[in-house]
Amino acid sequence: MKYIDEYRDGRLAKDIARQIAALARPDRTYHFMEFCGGHTHAISRYGLEDLLPANVRMIHGPGCPVCVLPIGRIDAAISLAMRPEITLCTYGDLMRVPGSEGSSLLKAKAAGADIRMVYSTLDAIRIAEEEPHREVVFFAIGFETTTPPTAMAIKMAIARNLPNFSVFCNHVLTPAAIQNILESPDVRKLGTVKIDGFIGPAHVSTVIGTEPYEFFAEEFRKPVVVAGFEPLDVIQAILMLVKQVNDGRHEVENQYIRAVTTFGNEKAQAEVATYFELKESFEWRGLGQVPYSALRLRSQYARFDAEKRFDLETSAASDNPACECGAILRGVKRPADCKLFGTVCTPDTPMGSCMVSSEGACAAHWTYGRFREKAKEMDAGRAVA
């Protein structure tokens, strides 16, 4: 319990908030993007924004792998699953992500597709072993955190001689996305999004370390503080960012020293490098095509690549025009700015991926943020009365 209770101490959180308020210069505004959806969830759940001074503002980033997956990839997975010989294995939060024309994996399963929710890549390997007559495809998704388990699944499939196992690869890379945001017109030209620094992802950094963030911290002169997911982790990271901005520094600092090192988990990185290579370009929802931001299987392992194995093509598909998920992922808008939020779009009837995953900004705001906003409105009304 040490790293739970001790990192949720409200008294310490308020003390750090007072330090932030004392250091935040009244003549400027601080804008910090938390890239990871886990941080967005922590900020909403623990009401951290309520502890911050008005001139320290948090911007939700695209750090939810389910949220950034474009509709075309969901449609491709559905088309795979509808083939009678295929068993598609997927994580549960992908089941309800909307595809085009109101489709989803959950609806495809209801229509008869063999889609099975798994908790790990080992479940998919087990199914391939137990059902050799089925073509078992693992819907691989996630940032650098979940890529090593996929690499290990391929390694196991080779060792166990499983010719009926393959991977639909959708693994994407964090640093490339951060760089894309900093190079985007929203930040550089239009000024729609102001970013003074980043809270770097926690679990991702346990794998890749802090070193990959050094380039854009220097190139774009933006500080990065890698932080854990507990409330004291996040608010301490905000304090560290405020200090860097005040000092005119743009360094990579590690708040999450109990889990993250400079170079990360080099053994896991080696396993990934054995089976995967960079893909020239990959589409992210909200960001568009991002160069060298995703992985694909190396040519010598093409027999495990479901896209090649089943001649799978990904077609372009547009988001619901009324859904602001793309703008929310870029930090241009907040969940409450979307006219669908809380009306036709709820966790039970999601119109966009940001409302599906528990790490999505809309889901976090639905669960926690909207109640705080309502309370603020009521307090303001009482004050006027």
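Predicted, not measured: the structure shown is a model, and the values here were computed from it.

### What about helix α3 (residues 37-45)?
The α-helix winds at 3.6 residues per turn, so residues separated by three or four positions along the chain end up facing the same way.
(1) Moving on: Summarising burial for α3: seven of the nine residues are buried, a large majority.
(2) Moving on: Considered for burial, the residues of α3 that qualify are Gly37, Gly38, His39, Thr40, Ala42, Ile43 and Ser44.
(3) Moving on: The positive-phi residue at the C-terminal boundary of α3 is glycine 47, with phi of around 65°.

### Details of helix α8 (residues 121-130)
(1) Moving on: Taken together, the buried positions of α8 are occupied by Thr121, Asp123, Ala124, Ile125, Ile127 and Ala128.
(2) Moving on: In this structure, the buried side of α8 is in contact with β3 (86-90), β4 (115-117), β5 (135-142), α9 (147-159) and β6 (165-171).
(3) Moving on: With a side-chain oxygen lying 3.2 Å from the backbone nitrogen of leucine 122, the N-terminal cap of α8 falls on serine 120.

### Quick word on the sheet that holds strand β9 (residues 252-254)
(1) Moving on: Reading across from one edge, β2-β1-β7-β8-β9 is the order of the five strands in this open sheet, with parallel pairing throughout. The open sheet has two edge strands, β2 (56-63) and β9, and neither has a second partner. If you compare each strand with its neighbour and ignore which way they point, the axes differ by 25° on average.
(2) Moving on: Examined bridge by bridge, strand β1 (residues 30-36) and strand β7 (residues 197-200) share three bridges and lie parallel to one another. Following the sheet pairing, glutamate 34 is matched in β7 by isoleucine 199.

### Concerning the sheet that holds β4
(1) Moving on: With parallel pairing, the four strands of this open sheet are ordered in space as β4-β3-β5-β6. The open sheet has two free edges, formed respectively by β4 and β6, since each of these has just one partner strand. Here the strands of the sheet are splayed against their neighbours by 25° on average, with no regard to which way each runs.
(2) Moving on: Bridging between β3 and β4 involves three bridges; their strand directions are parallel. Directly across from threonine 90, in β4, lies its bridge partner methionine 117.

Cut-offs and rules
- Residues numbered from 1 in each chain as written.
- Predicted model: local features only at pLDDT ≥ 70, side-chain atom pairs only at ≥ 80, totals over all residues.
- Heavy atoms only, no water.
- Buried < 20%, exposed > 50% of the residue type's maximum accessible area, 1.4 Å probe, protein only.
- Helix = DSSP H or I, 4+ residues; strand = E, 2+ residues; numbered from the N terminus.
- Contact = heavy atoms within 4.5 Å.
- Polar contact = N/O pair within 3.5 Å; in protein donor to acceptor, adjacent residues only side chain to side chain.
- Pairing = 2+ DSSP bridges.
- Axes fitted to C-alpha atoms, helices over the stretch in contact; angles between N-to-C directions.

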